[in-house]
Amino acid sequence: MSIGDVAERFGLATHVLRHWESVGLLTPARIGGARRRYGPDDLYRVAVILRAKEAGFGLDDIREMIATADAATRGEILRRRRADLARRIAEAQASLQLIDCALACDHEDFTTCPDFRAAIAERLPGAEQLGQRFSSYSMPAARG
């Protein structure tokens with residue numbers, strides 16, 4: 001496949017594939033001296049790179065993981081990224097719960113709901129010291 005075909009297949013710009021090649025992530029075959037030809041292994045590598053980026057890996061980590069033959073090094077990179085991904089997932093789940101709380105709230109103004117306020121208090125640094133002062137706090141009116 002040509003670089004344009006691969007780019008179109010994955011929804012990427014051709015310069016992205018060229019950049020990945022320049023940093024050592026891809027090594028497509030060359031025909032006629034300059035034309036890149038991507039085979040099945042290259043397509044698989046592009047998919048791996050995209051999935052790794054979705055998981056929060058940087059290009060340096062991806063290159064190191066691909067390049068190393070040392071399982072311990074690869075495992076260390078994976079463990080580090082796994083911890084970061086687990087943290088991001090937990091944050092996203094907490095945000096989703098907050099939205100669900102607001103959507104299910106029967107209060108005219110969900111920001112006055114004790115359940116919503118409790119969920120916000122969990123995110124407020126030092127909330128346990130604020131105690132009663134926070135529970136009487138009113139959200140400022142939205143500006144429009």
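Here's what I pulled together on the structure shown here. All figures in this text were calculated on a predicted structure; none of them were measured in a lab. (Residues numbered from 1 in each chain as written. Predicted model: local features only at pLDDT ≥ 70, side-chain atom pairs only at ≥ 80, totals over all residues. Heavy atoms only, no water.)

1. Brief notes about the nonpolar core
Leu17, Trp20, Leu26, Val46, Phe57 and Ile62 are the most contacted members of the largest nonpolar core, which has 20 residues in total. Listed by contribution, the elements that provide at least two residues to this core are helix H1 (3–10), helix H2 (14–22), helix H3 (40–54) and helix H4 (59–67). Ranked by residues supplied to this core, first place goes to H3 with five residues. Filtering out sequence-adjacent residues up to four positions away, leucine 17 remains in contact with Ile3, Val6, Ala7, Leu12, Leu26, Tyr38 and Val46. (Core = buried A, V, L, I, M, F, W, Y, C linked by side-chain atoms within 4.5 Å. Buried < 20%, exposed > 50% of the residue type's maximum accessible area, 1.4 Å probe, protein only. Helix = DSSP H or I, 4+ residues; strand = E, 2+ residues; numbered from the N terminus. Contact = heavy atoms within 4.5 Å.)

2. Let's talk about the environment of aspartate 70
Looking at the secondary structure, you find aspartate 70 in the loop between H4 and helix H5 (71–104). Among the polar contacts listed, one links the side chain of aspartate 70 to the side chain of threonine 73, at a separation of 2.5 Å. (Polar contact = N/O pair within 3.5 Å; in protein donor to acceptor, adjacent residues only side chain to side chain.)

3. Concerning the packing of aromatic side chains
Across all of its chains, the model carries one aromatic pair by this definition. Judged by centre distance (4.8 Å) and plane angle (80°), the rings of phenylalanine 110 and phenylalanine 116 are edge-to-face. Judged by relative accessible area, phenylalanine 110 falls into the partly exposed class, the value being 35%. (Phe/Tyr/Trp six-rings, centres within 6.5 Å; stacked < 30°, edge-to-face > 60°.)

4. Some details on the pattern of salt bridges
Enumeration over the complete set of coordinates arrives at 11 salt bridges. When the shortest N-O distance is used, the salt bridge between glutamate 21 and arginine 30 registers 2.6 Å. Among the residues examined, glutamate 21 registers a relative accessible area of 18% and is labelled buried. Close ionic contact of arginine 63 with aspartate 60 constitutes a salt bridge, the shortest N to O distance being 2.7 Å. Here arginine 63 pairs with aspartate 60, and both are found in helix H4, just three residues apart, close to one helical turn. (Salt bridge = Lys/Arg side-chain N within 4 Å of Asp/Glu carboxyl O.)

5. Examining H2
Of all the positions in H2, only Leu17, Trp20 and Glu21 are classed as buried. Summarising the axial view, the buried residues of H2 lie within an arc of 100°, below the 170-degree limit, and thus occupy one face. Along H2, exposed side chains directed more than 90 degrees from the buried face belong to His15 and Ser22. Against the buried residues of H2 lie H1, strand E1 (29–31), strand E2 (35–37), H3 and H4. (Arc of directions from axis to C-beta.)

6. A closer look at the packing of H1 against H3
With their axes 11 Å apart at the nearest point, H1 and H3 run at an angle of 40° to one another. Relative to H3, the element H1 lies oblique. Helix-helix and strand crossings are classified by hand; for H1 and H3 the assignment is right-handed. The segment H1 lies against H3, with Val6, Arg9 and Phe10 engaging Leu43, Val46, Ala47 and Leu50. (Axes fitted to C-alpha atoms, helices over the stretch in contact; angles between N-to-C directions. Parallel < 35°, antiparallel > 145°, perpendicular 65-115°, else oblique. Left-handed = near helix turned anticlockwise from the far one by under 90°.)

7. Some remarks on the packing of H5 against helix H6 (residues 114–121)
The contact between H5 and H6 brings their axes to 9 Å, and the two run at 165°. The pairing of H5 with H6 is recorded here as roughly antiparallel in orientation. Here the hand of the crossing between H5 and H6 comes out left-handed. Judged by residue contacts, Leu98, Cys101 and Ala102 of H5 engage Asp115, Phe116, Ala119 and Ile120 from H6.

8. What to know about the side chain of arginine 81
With respect to the element layout, arginine 81 can be found in helix H5. Classification of arginine 81 by relative accessible area gives buried; the value is 17%. Sequence-distant contacts of arginine 81, defined by excluding residues within four places in its chain, comprise Gly56, Phe57 and Asp61.

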